[in-house]
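Results of the structural survey
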Amino acid sequence: MQVIQCTKPPFAGKQNIYHSFFALFREYNKVMHQPIALNIFRQNADVFIVIHYTVSDLPRSIKILTEQVVSSHYLLTDTDKPKFYVLVDESRQANHAGVSNWKTYTQLNVSSIGIEIVNPGFKDTPEGRIWYPFPQAQIDELIPLLKDIQARYNIAPENILGHNEIAPQRKQDPGPLFPWRQLADAGLIVWPDANRVAAQRSIFEQQVPDAVWFQKKLAQHGYATPQTGMFDEATRNVLIAFQMKYRNTRFDGMPDGETAALLEVLTTPATAVATK
């Protein structure tokens, strides 16, 4: 994992954005990167990691994240050999989450570390929306950094999130092609047990739960979910965020037996099932 720290560059012009910025980088000394008490976090409060895509190329991503209001702690490049740039020190707040909610937490800028990944996001075509994948080389760099941050701040697996999970009404990143399963295989996040999902799916496909059930389960999992008792647009947006992560072969926001099974397994510990 290569991490490079930088200072905000005085860009001379559009054509020189890339080279002017990288001329100011200095190597990040991993030895000095010791655990610190983040002054932007409340003592003993949960800490989150929020993953984004930039919807832009590398030079423009750098310009946006260093010259505009939005910022992030880390930027992962899309170069042949991806590397991380430290744009905001972990001890400082970065403006990456915006209006956001997870569980009982709001405004997650003050309690989260933001990681932007250079990725075009998607392209709308006459045949439909095309999402861009994440090269394996990027994920191979991302996982060690996530493990490092998680270990230093004792971050719970359920607190490693996508931007769309904490803001499902306005965000879609990191999109359906982000490989969350690889993060689960690396021990970073929780993944629903396939056998339990299959068993629950056979039950829920006989009768798909109503909107009240889905809204309560989505809120229990952590999403800010309206409790209207209807499958309104806001509820469908939350379902889309959930499906993008756990069932990315179909993420239309429609309630179905498989989505219900995934929710049931994720919100009901195996021990609780065994003791029923």
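Keep in mind that this is a model prediction, so the values were computed, not measured.

For the chain, mean pLDDT is 87; residues scoring 70 or higher make up 82% of the total. Scored below 50 in pLDDT, residues 7-40 shows 60 contacts in the model against residues more than four places distant or in partner chains. Between residues 272-276, whose pLDDT stays under 50, and residues either more than four places distant or in other chains, the model counts four contacts.

Relative to each other, helix 6 (residues 194-204) and helix 9 (residues 257-267) sit at 130 degrees, their axes nearing to 8 Å. When the axes of helix 6 and helix 9 are compared, the pair comes out oblique. Of the two possible hands of crossing, helix 6 and helix 9 adopt the one that is right-handed. Counting all contacts with helix 6, which are made through R196, V197, Q200, R201 and F204, the residues of helix 9 involved are G257, E258, A260, A261, L262, E264 and V265. Among the residues forming the contact of helix 6 with helix 9, the class breakdown is six nonpolar, two polar and four charged.

Attention shifts here to the pattern of salt bridges. Summed over the entire model, instances satisfying the criterion amount to 14 salt bridges. With a closest N to O distance of 3.7 Å, E258 and R201 form a salt bridge. Separated by 57 residues along the polypeptide, E258 in helix 9 and R201 in helix 6 bring together distant segments of the chain. By relative accessible area, R201 is classed as partly exposed at 32%. Here D252 makes a salt bridge to R250, at a shortest N to O gap of 3.3 Å. A residue is classified by how much of its surface remains accessible, and R250, at 40% relative accessible area, is partly exposed. Connected via shared salt-bridge partners are R201, E205, R247, R250, D252, D256 and E258.

What counts and how
- Residues numbered from 1 in each chain as written.
- Predicted model: local features only at pLDDT ≥ 70, side-chain atom pairs only at ≥ 80, totals over all residues.
- Heavy atoms only, no water.
- pLDDT = per-residue confidence, 0-100.
- Contact = heavy atoms within 4.5 Å.
- Axes fitted to C-alpha atoms, helices over the stretch in contact; angles between N-to-C directions.
- Helix = DSSP H or I, 4+ residues; strand = E, 2+ residues; numbered from the N terminus.
- Parallel < 35°, antiparallel > 145°, perpendicular 65-115°, else oblique.
- Left-handed = near helix turned anticlockwise from the far one by under 90°.
- Nonpolar A, V, L, I, M, F, W, Y, C, P; charged D, E, K, R; others polar.
- Salt bridge = Lys/Arg side-chain N within 4 Å of Asp/Glu carboxyl O.
- Buried < 20%, exposed > 50% of the residue type's maximum accessible area, 1.4 Å probe, protein only.

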